[in-house]
Structure formats: C-alpha cells, structure tokens
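# Tertiary structure, described
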Amino acid sequence: MGSPLGEYLRARREMTSPERAGVTSSGRRRTPGLRREEVAQLSGVSTDYYARLEQGRERHPSGQVLDAVARTLRLDPEEVAHLHLLGRTGHRPARRSVRAAVRPSLLRLMDGWAHTPALIVDHTMEVLAGNRLGRALFAEVLAQDEPNLVRFVFLSSTARSFYPEWDQVARSSLGALRAAAGNMPDDPRLTELVGELSLKSPEFRRLWARHDVRGKSHEAKLLHHPEFGELTLTYESFTVDGASGQQLIVYQAEPGSPAAQALATARWA
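Residues numbered from 1 in each chain as written. Predicted model: local features only at pLDDT ≥ 70, side-chain atom pairs only at ≥ 80, totals over all residues. Heavy atoms only, no water.

## A word on the packing of helix α3 (residues 36-43) against helix α4 (residues 47-55)
Convention followed: For helices, the fitted axis covers only the stretch in contact; all axes are lines through C-alpha atoms, and the angles between them, taken along N-to-C directions, range from 0 to 180 degrees. Strands are runs of DSSP state E lasting at least two residues, helices are runs of H or I lasting at least four, and both sets are numbered from the N terminus onward. By definition, any crossing whose near helix is turned counterclockwise from its far helix by less than a right angle is left-handed, and any crossing with a clockwise turn is right-handed. Between two residues, a contact is recorded if the distance between any of their heavy atoms is within 4.5 Å. Basically, the charged four are Asp, Glu, Lys and Arg, the nonpolar ten are Ala, Val, Leu, Ile, Met, Phe, Trp, Tyr, Cys and Pro, and anything else, Gly included, counts as polar.
Look at α3 against α4: their axes get within 8 Å of each other, and the N-to-C directions meet at 115°. Taken as a pair, α3 and α4 cross one another with a handedness that is right-handed. Across the interface between the two elements, Arg36, Glu37, Val39 and Ala40 from α3 touch Thr47, Tyr50, Ala51, Glu54 and Gln55 from α4. Residues that form the contact of α3 with α4 fall into these classes: four nonpolar, two polar and three charged.

Structure below.
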C-alpha cells in the first residue's frame, strides 16, 4: 500500500528531468523524469531503500536522507518542508477535525475595515466568515451550500468568468490544499473534499497528481466582479493564533487604482 510520502516522491521524481539533475541520458527512457535507481544513486542510498520509500514500506526516514533526496529532486524550501512533514506524519493515526468557530473579537476587527475585504478560511479552504466587503466581493462563492474557495474554482460554472486568470488561481488554490493535506494527511473532511473534486473535475485530478505544494501567503489576483468589472487585488494570508487551521486572508488594492475606488464605494458593501 502506498503512502503520502511515497506518492509525493514519485510525483516529484517523474517531474525532474535527467538534465536538471545532472544525469547524462542515454537511449530512450520508458518513464518520464528520473529512474528510481538514479535518485537513489544521486542521494547516496540504496535502490532498494529508495524503492521502499516510494512504496510506503519505509515509514521512518531520517532527516538526512530526506534532505539528500530533496537536493536530488531540486525541491524548493517550501517543498522540502512539505517532504519532511510527510516523513514525520505518514505513520500517525487519523485525526478528526471539526469546523471551528471564529472568535467574536476577530470578527469585530474585520468589520472595522471599511475598505478592506477579508475572509477567514479553514484548512480545507472553507469560508468560515467574512467582513462586509469580503462577503460582497465573494458573493458568488458564498452562494454555495458549503462555501469553499477550492470547490468554487473547480466546480462552479461561473469560476472562469470570476477568475479571468483561472489557470493561475487553480494551481494556487490546489497547492494550498496540498499543503494542508501534508499537515493533516488523515483528516476526514479534507479526504472527502479531495475525493469529491477528483470525481467531478478532470482538471483537479490532473493537477492533484502533480503534488505541487504552495501555502497561501501573498499573491496578486485578478477578479471580475459582476458589478465593478475587473479588479486587481493583492492578498496577504495570516495564521490565526489559537485557532487550528484558520487563516485570515486580507485583500488590498493599489492606492488610486480603479480597484481601490471600487472598494471605497460604500453602496456595494
């Protein structure tokens, strides 16, 4: 039986070209990316040991081994951190999660931001709360029975018009979900969401198989609001201390821009 660690290593291996890893390729290769024996040799471990990692039979790899494999696969710092997290959590028992309430003090803080949209999401990217501008900006998302940013991106018929740069948003949203899966690999709500999206969205299945991981931190995002047209906003994401899995996402516009003028128009809030 496989494991999250093994699946991640296999996906990264198949996406690492021999040229990038410094391997001189000879002849036709039957599989994309590096071979298992090449990763093992470059990482200084036996082929049998590396095969056990990918097959989920080696549950306790050392940090040194993971670092060596990460260097071979040319992982960036966030991907390295995700690899170590999977190496530590792959053998842990399942942990159940519940939908957490948002602290009233945080809601009051958000409501005081008259021209700044803000949302609170959990580890599955479900929207738990928003201030007035946040609810107005993401009204189409909140119209879902269970408002979830990733479900909206991949399943809503209006997502591609709401997000003109849909491909970028899809990769970013899925990368954030993958990062959450590394932190809570056996979470039943997360597993249910991934199963639903995999069943209903071919695009999600294709991108999920890549095992890209990107936590939501900050990024420029282009939205097409049904009333105000295109709005270019930058979001910043903050971890909510004392509330497991919750993130505060704050959206801002460049001062003097059309988006800033729209956010300052009180009637749409």
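## Some thoughts on the environment of Ala159
As for its position among the elements, Ala159 is in helix α11 (residues 159-162). Residue contacts for Ala159: discarding those within four places in its chain leaves Phe152, Val153 and Trp166.

## Regarding the pattern of salt bridges
Definition in use: Every case where a carboxyl oxygen of Asp or Glu lies within 4 Å of a side-chain nitrogen of Lys or Arg is listed as a salt bridge.
Considering all chains together, one arrives at twelve salt bridges under this definition. One salt bridge connects Arg13 with Glu54, and the closest N-O pair in it is separated by 2.6 Å. Taken as a pair, Arg13 in helix α1 (residues 4-14) and Glu54 in helix α4 lie far apart in primary sequence, 41 residues in all. Close ionic contact of Glu58 with Arg52 constitutes a salt bridge, the shortest N to O distance being 3.8 Å.

## Digging into helix α12 (residues 166-183)
We apply this condition: Working rule for helices: expected span equals 1.5 Å times residues minus one. Only protein chains enter the accessibility calculation, which uses a 1.4 Å probe. A residue is then buried if its area is under 20% of the maximum for its type, exposed if over 50%, and partly exposed in between.
For α12, which comprises 18 residues, the first-to-last C-alpha distance of 26 Å matches the rise-based estimate of 26 Å (1.5 Å per residue) to within 8%. α12 sits mainly inside the fold: 14 of its 18 residues count as buried.

## Observations concerning the sheet that holds strand β1 (residues 118-121)
Note on sheets: strands pair through backbone hydrogen bonds, and any given pair is parallel or antiparallel. Stated formally: By the convention used here, strands pair only if DSSP detects at least 2 bridges between them.
A sheet is described by the order of its strands in space; here five strands give the open sequence β2-β1-β5-β4-β3, paired in antiparallel fashion. Strands with a single pairing partner mark the edges of an open sheet, and in this sheet they are β2 (127-130) and β3 (218-225). Within the sheet, the average angular offset between the axes of one strand and its neighbour, ignoring direction, is 30°. With respect to the sheet, helix α7 (residues 104-111) is in contact with β1, β2 and β5 (247-252), its orientation differing from that of β1 by roughly 155°.

## A short note on the pairing of β1
Every second residue of β1 is oriented toward a common face, with Ala118 and Ile120 on one face and Leu119 and Val121 on the other, all of them buried. For β1 and β5, the ladder comprises four bridges, and the chain directions are antiparallel. Across the sheet, Ile120 pairs through a bridge with Leu248, a residue of β5. In this structure, β1 lies alongside β2, joined through three bridges in antiparallel fashion. Its bridge partner being in β2, Leu119 is matched across the sheet by Gly130. With antiparallel pairing between neighbouring strands as the criterion, β1 and β2 make up a hairpin whose turn holds five residues, including Met125 at a positive phi of roughly 70°.

## Things to note about the confidence of the model for the chain
For clarity, the cut-off: pLDDT expresses, on a scale from 0 to 100, how confident the predictor is about each individual residue.
The share of residues in the chain with pLDDT of 70 or more is 91%, and the mean pLDDT across the chain is 84. Contacts from residues 90-96, a stretch scored under 50 in pLDDT, to residues over four places away or in other chains number 14 contacts.

## Let's talk about unusual backbone geometry
A positive phi is found at Arg74, a non-glycine position, where the angle reads about 55°. Mapped onto the secondary structure, Arg74 falls in the loop between α5 (63-72) and α6 (77-89). At Met125, a residue that is not glycine, the phi angle is positive and equals roughly 70°. In this structure, Met125 sits in the loop between β1 and β2.

## Digging into the nonpolar core
How we decide: Only buried Ala, Val, Leu, Ile, Met, Phe, Trp, Tyr and Cys residues count toward a nonpolar core, and they belong to the same one when joined by side-chain atoms within 4.5 Å.
Phe138, Leu149, Phe154, Tyr163, Leu177, Phe204 and Leu233 are the most contacted members of the largest nonpolar core, which totals 38 residues. It is α12 that provides the largest number of residues to this core, a total of seven residues. Those residues in contact with Leu149, other than ones at most four positions away along the chain, are Val121, Met125, Val127, Phe138, Val141 and Ile249.

## Remarks on the packing of aromatic side chains
Stated precisely, the cut-off is as follows: Ring geometry is summarised as follows: Phe, Tyr and Trp rings, the Trp one being its six-membered ring, pair when their centres sit within 6.5 Å, and such pairs are stacked at plane angles under 30 degrees, edge-to-face over 60 and tilted between the two. Whether a charge sits over a ring comes down to the Lys NZ or Arg CZ being within 6 Å of the ring centre and within 35 degrees of the ring normal.
What the rule picks out here adds up to nine aromatic pairs. Between the aromatic rings of Phe138 and Tyr251, the centroid separation amounts to 5.2 Å while the plane-to-plane angle is 50°, which identifies the pairing as tilted. Highlighted residues: Phe138 in the loop between α8 (132-137) and α9 (139-142) and Tyr251 in strand β5, separated in sequence by 113 residues. Note on accessibility: Phe138 and Tyr251 belong to one class, buried. Of the aromatic side chains, those joined through ring pairs into one cluster are Phe138, Phe152, Phe162, Tyr163, Tyr235 and Tyr251. When the ring centre of Trp166 is taken as reference, the NZ or CZ atom of Arg160 above it lies at 3.7 Å. Above the face of the Trp208 ring, Arg178 is positioned so that its terminal group lies 3.6 Å from the ring centre.

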